[in-house]
Protein chains: 2
Amino acid sequence: MTASNTRSKYFVEACIEALGAANVLTASHDTAPFLTDWRKRYRGETCAVLLPGDTQQVARAVRLAREHRVPIVPQGGNTGHSGGATPDASGAQVVISLRRMNRIRAIDTINNTITVEAGAILADIQTRAEQEQRLFALSLAAEGSCTIGGNLSTNAGGTAVLRYGNTRELCLGLEVVTPQGDVWDGLRGLRKDNTGYDLRDLYIGAEGTLGIITAAVMKLHPAPVARVTALAALKSPQAALDFFATAQRHAGPLLTGFELMSDFSLHLVTTHFPQMRYPFSARHGQTVLLELSDNESEAHGRALFGRLMEQAMEQGLVEDAVVADSLSQTKAFWNLREHIPLAQAQEGLNIKHDISVPISSIGDFIAQTDALIAQAIPGVRMVTFGHLGDGNLHYNVQAAEGVDPQGFLAEYQASVNALVYEQVNAFHGSISAEHGLGQLKVSEAMHYKSPVEIRLMRAIKTALDPENLMNPAKVLPDARVS
Amino acid sequence: MTASNTRSKYFVEACIEALGAANVLTASHDTAPFLTDWRKRYRGETCAVLLPGDTQQVARAVRLAREHRVPIVPQGGNTGHSGGATPDASGAQVVISLRRMNRIRAIDTINNTITVEAGAILADIQTRAEQEQRLFALSLAAEGSCTIGGNLSTNAGGTAVLRYGNTRELCLGLEVVTPQGDVWDGLRGLRKDNTGYDLRDLYIGAEGTLGIITAAVMKLHPAPVARVTALAALKSPQAALDFFATAQRHAGPLLTGFELMSDFSLHLVTTHFPQMRYPFSARHGQTVLLELSDNESEAHGRALFGRLMEQAMEQGLVEDAVVADSLSQTKAFWNLREHIPLAQAQEGLNIKHDISVPISSIGDFIAQTDALIAQAIPGVRMVTFGHLGDGNLHYNVQAAEGVDPQGFLAEYQASVNALVYEQVNAFHGSISAEHGLGQLKVSEAMHYKSPVEIRLMRAIKTALDPENLMNPAKVLPDARVS
């Protein structure tokens, strides 16, 4: 038995004593679901998966891990896109899953806050809020299985950021177990509090590398009376930008969604899902899906969208438009948007990017980068869609028609990534808008960040986790190997 | 000459060489305005006031200070309420004023961002935004002289937090000179960026103790078409809370202001400023000032307020109401609110608190704390007003009628502060909602914060400013003396 194995053995025994045998998984068929990431890019090993039931148990598990020098990988719903919750291959790391800590501790309809444990499923929080005629505004594809702790640790975005912000903007307070096994009770439900450093925002988006988020106070909003959806057909991303400014002027904060879909994105959807219909009689270069959340009435929202579309068509910004006249049409509109990634998967493997640039640069960014890629790989097909209102594009590259996707990826992935990220950097954008760094993008991030920024990040990591116990090699490379 | 004086002398000479003699103030009549805080509570001394003209000059000044071991006090418009920008009495500290760095570097009306230097005056930024039909939503009493760098360093609040958030929520990116004299260029204009630790929010609200903010990218909003204001008369803070929920349900994100004013607050205003009229025919326990920012039309906003008031009066929540029918009436309503602090000053010195509690607790907090204070000091008069929609009260205590204010303060200030802060703590509130800690509230903050939180704050301070060069003894007590 190696020293590391012996250490693991005593650690696991101590965990069983602290948490109970049922909450310490070691058999490979029990741990397997925790060891592969959602996109199946990474597979790790672990000495145990711990399932603490409350904050004190998390703190005890962390203290034991520290005592036995076992690195910790915190995990929520395991739906991350960047491998941030997957342990490495050594088998020396322990996974602490927050899954059992799924209680909603409190809801306050006057303060408009909900206090939840880290393992609470996003959809369950939405449902609880709805029962009180409140909106919990975070919404994203994985909401049926992702947890709020994971959303906070990656500062998840989603489809309502335009109006409500990212997860960061929806959080008022946190409870965190530090790498020393202490509990920081920062569960404040305050809109204003200026009494020291902003620890809350430091833990948000830190992907479990500075501590383990165990609970949070999240903001609620009064539930809107109606949600109205529309599609607008336009010539180009630049026209979509001009239309965005017009829509914001008309609708102000009522505008909650502004999603761009290129013609080829929709072509893929209607090809692979023939039951879905292209919404206009002729094809157009770009389609925008708009959503408005109205606190007055559905009629008010529909009238507002009607006036907006009329003016935009008069100005020649919009070529065609349709306002959903029923809930089923609204669903059909969103279905188009949500089926793009699925249609792309049907078409074959492709090179994905989750990037952001200043909103005003989107037109230039797409035009220039499309041209560079077309020059490098003739016939390549761009699948460009995303949250235009947030400057956030899913800018994906599909092999030329008839070209084997596997071979395409093997040949071009590295060079296409480099080309896209160089362009993102030139436009002062972000190489990871809403998916975090995890282990997937750490080296790219280190390449594009300034030495000053890396030094500051390293100083914070070392100050809060001097023993490098928390999710090592995520967000920042291990100091020893960097 | 002492060693410290010699050190200062060489330092000042080096600064003159770096910045030019005109930008290094040493004569006492030149430095005096920088050495007393806005509320005249603190008076410090300095070896020099530096006026760098750009970021590189700030960086050079910091490197010189570090080399000569001269502690730095950064200063903006010097309008802070907590003494955070005033040097200590030793004369060994240097003041770095950002006043000359007042350029607006860029405005982007599609991205809805404005890039400003730290010394830009808040009102100038508002004006520049207005020229492009944009709103810069930060608004507060000192806007004619405070700077955005100071607003960011104290995370200032103001009158539009309900809809637009604090300064923190209005900031997308920062440029910061670190205590090592490096420049961190984090001037990103992105709505989404998840590529590492949130350094931006760490510097915001740090009151210059971790580095010097030299520039920022701030969010703009489309300018609303109309602002509609109304007053509502109610029985109690609890009724105001119920009315707040109704108003939010009706107006959603259009509601931008919800200010509470107790009857005695308005009594002081109409007494000391007889030209101001109490707006209702009978007196009422509480008056709420509501504001709505409308992107459609003034008529739409007025109709919405009309329906809201009608329903609230039918429900018995509101006893009387008036919607402003002109800009001058709107101004008159806001004048009432803004004259409360002035009327209070006329009435005599008083004990001020800038506190927040969860919004749902405001009724109970006021009732219980009022009773405790009345019991402790018979006849005392409470001046309670503030941003109810943010849970933020200016909860001020005025001597009983006819009692000498100076004697009242001398006798009761410490015990009243202790009583109020104990109550705030019991209600899970904040002892400094929007004014920061500065030097005024450091020891109180240390009393109420948990040892874990203080340890985390100290770890961050030590990691980023190991030589304790940046605004020592602000926010955290000096390690050597704590």
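Residues numbered from 1 in each chain as written. Chains lettered and ligands numbered in written order. Predicted model: local features only at pLDDT ≥ 70, side-chain atom pairs only at ≥ 80, totals over all residues. Heavy atoms only, no water.

## Describing the overall build of chain A
Note the following rule: Counting from the N terminus, the helices are DSSP H or I runs at least four residues long and the strands are E runs at least two residues long. Each radius of gyration reported is based on C-alpha atoms, and the globular scaling rule is 2.2 Å times the count of residues to the power 0.38. Accessibility here uses a 1.4 Å probe with only protein chains present; expressed as a share of the type maximum, an area under 20% marks a residue as buried, one over 50% as exposed, and anything in between as partly exposed. The contact criterion used is simple: two residues touch if any of their non-hydrogen atoms lie within 4.5 Å.
Broken down by element type, chain A carries 15 helices and 19 strands. Scaling as 2.2 N^0.38, a compact globule of 482 residues should have a C-alpha radius of gyration of about 23 Å, and chain A matches this with 23 Å. Seen through its C-alpha atoms, chain A measures out along the principal axes to roughly 75 × 55 × 45 Å. The 482 residues of chain A split such that 61% are buried. For chain A, long-range pairs separated by at least 24 residues make up 72% of all intrachain contacts whose partners lie at least 6 apart in sequence.

## Some thoughts on the UniProt feature "domain: FAD-binding PCMH-type" (unreviewed entry) in chain A
Keep this limit in mind: UniProt positions are given in the numbering used here, feature names are shortened, and annotations may be inferred rather than shown by experiment.
The UniProt record annotates "domain: FAD-binding PCMH-type" (unreviewed entry) at residues 42–223 of chain A. Annotation note: span residues 42–223 of chain A, helix share 21%, strand share 24%, distance between end C-alpha atoms 39 Å.

## Topic: the nonpolar core
We count it as follows: As used in this record, nonpolar core signifies buried Ala, Val, Leu, Ile, Met, Phe, Trp, Tyr and Cys residues forming a set joined through side-chain atoms within 4.5 Å.
Counting residues in each nonpolar core, the largest one holds 192 residues, and the members touching the most others are F243 and L290 of chain A together with F243 and L290 of chain B. When sequence neighbours within four positions are dropped, the list of residues in contact with L290 of chain B reads V228, T229, A230, A232, F243, A247, L255, G257, F258, F305, L308 and M309 of chain B.

## Examining the domain arrangement of chain A
Rules: The start and end points of each domain follow an automatic or database-based domain assignment.
In terms of domain boundaries, chain A breaks down into domain 1 (3–97), domain 2 (104–222), domain 3 (226–341) and domain 4 (348–426). Computed from C-alpha atoms alone, the centre-to-centre distance between domain 2 of chain A and domain 4 of chain A is 32 Å.

## Overview of the interface of chain A and chain B
The condition that has to hold: When two parts are put together, the accessible area they lose, computed with a 1.4 Å probe and summed over both, is reported as buried area. Just to be clear on terms, a salt bridge is a Lys or Arg side-chain nitrogen sitting within 4 Å of an Asp or Glu carboxyl oxygen. Under this definition, polar contacts are N or O atom pairs within 3.5 Å; protein pairs additionally need one hydrogen-donor-capable and one acceptor-capable atom, and for neighbouring residues in sequence, both atoms have to be side-chain atoms. Lys, Arg, Asp and Glu make up the charged group, whereas Ala, Val, Leu, Ile, Met, Phe, Trp, Tyr, Cys and Pro make up the nonpolar group; the residues left over, Gly among them, are polar.
Counting from both sides, the interface comprises 83 residues of chain A and, opposite them, 83 residues of chain B. Carbon and sulfur atoms supply 56% of the area that chain A and chain B bury against each other, a total of about 6700 Å² over both sides. By the criterion of area lost to chain B, the three top residues of chain A are K192, N194 and Y197 of chain A, representing 15% of everything that side buries. At the junction of chain A and chain B, the tally comes to 12 salt bridges. At the junction of chain A and chain B, the tally comes to 49 residue pairs in polar contact (both at pLDDT 80 or more). Within the residue set of the side of chain A that touches chain B, elements represented by two or more residues are α6 (161–164), β9 (183–186), α7 (199–203), α8 (237–251), α10 (298–314) and α15 (451–464) of chain A. Broken down by class, the residue content of the side of chain A that touches chain B amounts to 33 nonpolar, 30 polar and 20 charged.

## Concerning the pairing of strand β3 (residues 72–75) of chain A
All names here are of chain A. Heads up, the condition is: Pairing between strands is defined by DSSP: at least two bridges between them are needed.
Across the two faces of β3 the burial is the same, with I72 and P74 and V73 and Q75 all buried. Sheet topology note: the β3/strand β4 (residues 94–97) ladder contains 4 bridges and is parallel. Along β4, the bridge assignment pairs V73 with V95.

## Structural notes on helix α3 (residues 55–67) of chain B
Residue and element names in this part refer to chain B. Note the threshold: One fewer than the residue count of a helix, multiplied by 1.5 Å, yields its expected span.
In this model, α3 (13 residues) spans 18 Å end to end at C-alpha, consistent with the 18 Å of a helix rising 1.5 Å per residue. Of all the positions in α3, only T55, Q57, V58, A59, A61, V62, L64 and A65 are classed as buried. Two or three places before Q56, at the start of α3, stands the capping residue D54, its side-chain oxygen 3.2 Å from that residue's backbone nitrogen. Positioned one or two residues after α3, R69 has a phi angle of 55 degrees, which is positive.

## Observations regarding the packing of helix α12 (residues 362–376) of chain B against helix α13 (residues 405–426) of chain B
All names here are of chain B. Quick note on the threshold: Only the contacting stretch of a helix is used when fitting its axis, a line to C-alpha atoms as for every element, and angles between N-to-C directions run 0 to 180 degrees. Put simply, angles under 35 degrees are roughly parallel, angles over 145 are roughly antiparallel, angles from 65 to 115 are roughly perpendicular, and the rest are oblique. A crossing counts as left-handed when the near helix is turned anticlockwise from the far one by less than a right angle, and as right-handed when that turn is clockwise.
Relative orientation of the contacting elements α12 and α13 amounts to 155 degrees, with a least axis distance of 10 Å. The angle between the axes of α12 and α13 places the two elements in the roughly antiparallel class. Remark: the crossing between α12 and α13 carries right-handed chirality. Contact residues: α12 offers F365, Q368, T369, L372 and I373, while α13 offers L419, V420, Q423 and V424. Residue composition of the contact of α12 with α13, grouped by class: 6 nonpolar, 3 polar and no charged.

## Digging into the environment of N151 of chain B
Position of N151 of chain B among the secondary structure elements: in helix α5 (residues 148–154). Residues within four places of N151 of chain B in sequence aside, it is in contact with L122, L138, L140, C146, A156 and T167 of chain B.

## Quick notes on unusual backbone geometry
Phi at N112 of chain A is positive, roughly 55 degrees, even though this residue is not glycine. Residue position: N112 of chain A is located in the loop between β5 (104–108) and β6 (113–117). For E207 of chain B, which is not a glycine, the phi torsion comes out positive at approximately 55 degrees. With respect to the helices and strands, E207 of chain B occurs in the loop between α7 (199–203) and β10 (212–219).

## Quick notes on the relation of the copies chain A and chain B
Let me state the cut-off plainly: The superposition of copies rests on a least-squares fit of C-alpha positions from residues with pLDDT of 70 or more in both.
Mapping chain A onto chain B is achieved by rotating through 180 degrees and translating by 0.0 Å along the same axis, at an RMSD of 0.0 Å. In short, the pair behaves as if placed about a two-fold rotation axis. Taken as a fraction of all interface residues of chain A, those also at the interface in chain B reach 100%, which identifies the copy contact as same-surface.

## Focus on the sheet that holds β3 of chain A
Pairing between the strands of a sheet is mediated by backbone hydrogen bonds and can be parallel or antiparallel. All names here are of chain A. Taken in spatial order, the 4 strands of this open sheet run β1-β2-β4-β3, and their pairing is mixed. Edge positions in the sheet fall to β1 (24–25) and β3, since each has one partner strand and no second. Judged from the 3 bridges that link them, strand β2 (residues 48–50) and β4 form a sheet pairing that is parallel. Opposite V49, over in β4, you have V95 as the bridge partner.

## Examining the packing of aromatic side chains
Residues and elements named next belong to chain A. For the record, the criterion: Whether two aromatic rings pair depends on their centres lying within 6.5 Å, for rings of Phe, Tyr and Trp, where Trp uses its six-membered ring; planes under 30 degrees apart make the pair stacked, over 60 edge-to-face, and the rest tilted. Working rule: Lys NZ or Arg CZ, within 6 Å of ring centre, within 35 degrees of ring normal, means a charge sits over the ring.
Scanning all chains against the criterion turns up 14 aromatic pairs over all chains. Among the aromatic residues, those joined into a ring-pair cluster are F243, F244 and F258. Above the face of the Y10 ring, K9 is positioned so that its terminal group lies 5.1 Å from the ring centre. The ring of Y278 carries R283 above its face, with NZ or CZ at 4.0 Å from the centroid.

## A closer look at the sheet that holds strand β5 (residues 104–108) of chain B
Residues and elements named next belong to chain B. Pairing within the open sheet is antiparallel, and its 5 strands lie in the order β5-β6-β10-β8-β9. The open sheet has two free edges, formed respectively by β5 and β9 (183–186), since each of these has just one partner strand. Across the sheet, the mean angle separating the axes of adjacent strands is 10 degrees when strand polarity is ignored. Sheet topology note: the strand β8 (residues 171–177)/β10 ladder contains 6 bridges and is antiparallel. Bridge pairing in β10 places V176 opposite I213. Contacting β5 and β6 (113–117), helix α4 (residues 122–131) crosses the sheet at an angle of about 35 degrees to β5.

## Overview of the side chain of D390 of chain B
Residue position: D390 of chain B is located in the loop between β18 (381–387) and β19 (392–398). A polar side-chain atom of D390 of chain B sits 3.5 Å from a polar atom in the side chain of K192 of chain A. In this structure D390 of chain B touches R191 and K192 of chain A together with G158, V161, L162 and I359 of chain B, once residues within four positions along its chain are discounted.

## Brief notes about the pairing of strand β12 (residues 226–234) of chain B
Residue and element names in this part refer to chain B. For β12, the tally of buried residues reaches 8 of 9 residues, placing the bulk of the element in the interior. Across 9 bridges, β12 lies against strand β14 (residues 286–294) in antiparallel orientation. Of the residues in β14, the one forming a bridge with A232 is V288. As judged from the 4 bridges shared by β12 and strand β15 (residues 320–323), these two strands associate in the antiparallel manner. Across the sheet, residue A232 finds its bridge partner in β15, namely A321.

## Comments concerning the packing of α8 of chain A against α10 of chain A
Residue and element names in this part refer to chain A. Taken N-terminus to C-terminus, the directions of α8 and α10 make an angle of 145 degrees; their axes are 10 Å apart at the nearest point. α10 is crossed by α8, and the crossing has right-handed handedness. Residues F243, T246, A247, R249, H250 and A251 of α8 lie in contact with α10, whose contacting residues are L304, R307, L308, M309, Q311 and A312. A breakdown of the residues in the contact of α8 with α10 according to their chemical character gives 7 nonpolar, 3 polar and 2 charged.

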